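Listed below are the residues making up each chain.
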Amino acid sequence: MLFALICKDKPESLQVRLDTRPKHLAFLEGLNGDKKLAFAGPFLDADGKPNGTLAVVEAPDLAAAKALSAADPYTKAGLFESVEIRQWNWSFNKPADV
């Protein structure tokens, strides 16, 4: 089943995001290779700077989705002010291979 990870960065944390980004991207590549990542990308502020993350992951249950979120280098670096994890149903424009 799919879960949306809706993450909000802590204020004034852009440098943490930038410093941790290579590890975060490698983490996402690993999820993608394991077919656990549907899609992901940053939320942007009014100036176009990243200030959060939306990732949709495949997991058997909420506990597994929480474990994936906890393993993200951004989470480990303390970037996020909040993380909301919600089960999600991809209804429209779903690629055939997801």
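Cut-off values and rules
Residues numbered from 1 in each chain as written. Predicted model: local features only at pLDDT ≥ 70, side-chain atom pairs only at ≥ 80, totals over all residues. Heavy atoms only, no water. Core = buried A, V, L, I, M, F, W, Y, C linked by side-chain atoms within 4.5 Å. Buried < 20%, exposed > 50% of the residue type's maximum accessible area, 1.4 Å probe, protein only. Helix = DSSP H or I, 4+ residues; strand = E, 2+ residues; numbered from the N terminus. Contact = heavy atoms within 4.5 Å. 1 Å grid on protein atoms, 1.4 Å probe; cavity = no way out; pocket = protein on both sides within 12 Å on 5 of 7 lines; lining within 4 Å. Points joined across faces, edges and corners; volume = space filled by probe spheres on them. Salt bridge = Lys/Arg side-chain N within 4 Å of Asp/Glu carboxyl O. Phe/Tyr/Trp six-rings, centres within 6.5 Å; stacked < 30°, edge-to-face > 60°.

Chemist: How do you make sense of the nonpolar core when you look at a structure like this?
Modeler: When a protein is soluble and globular, its nonpolar side chains tend to lie buried together. Counting 15 residues, the largest nonpolar core has Leu 31 and Val 57 as the members making the most contacts within it. Put simply, the parts of the chain that give this core at least two residues each are β1 (2–9), α1 (14–33), β3 (50–58) and α2 (62–71). In contact with Leu 31, not counting residues within four places along its chain, are Lys 36, Leu 37, Val 57 and Leu 68.

Chemist: Can you help me understand empty space enclosed by the protein in this one?
Modeler: On inspection of all chains with the given rule, the structure shows one cavity of 30 Å³ or more. Lining the largest cavity are Leu 5, Cys 7, Phe 27, Leu 28, Leu 31, Thr 53, Ala 55, Val 57, Leu 68, Ser 69, Asp 72 and Phe 80. Within the residue set of the lining of the largest cavity, elements represented by two or more residues are β1, α1, β3 and α2.

Chemist: Just to check I follow, could you spell out the pattern of salt bridges for this structure?
Modeler: For side chains of opposite charge, pairing can occur when their charged atoms come near one another. For the coordinates displayed, the defined rule picks out three salt bridges. Between Lys 8 and Glu 81 there is a salt bridge, with its nearest N and O atoms 3.3 Å apart. Of this pair, Lys 8 sits in strand β1 while Glu 81 sits in strand β4 (residues 80–88), and the two are 73 residues apart along the sequence. Under the relative-accessibility criterion, Glu 81 is labelled partly exposed at 43%. For Asp 9, the salt bridge identified is with Arg 17, shortest N-O distance 2.8 Å.

Chemist: Is there a simple way to explain the packing of aromatic side chains in this structure?
Modeler: Given two aromatic rings, their pairing is described by the distance between the two centres and the angle made by the two planes. On inspection of all chains with the given rule, the structure shows four aromatic pairs. Geometrically, the ring pair formed by Phe 39 and Trp 88 is edge-to-face, given 5.8 Å between the ring centres and 85° between the ring planes. You can see Phe 39 sitting in strand β2 (residues 37–44) and its partner Trp 88 sitting in strand β4, a full 49 residues away along the chain. Under the relative-accessibility criterion, Trp 88 is labelled partly exposed at 33%.

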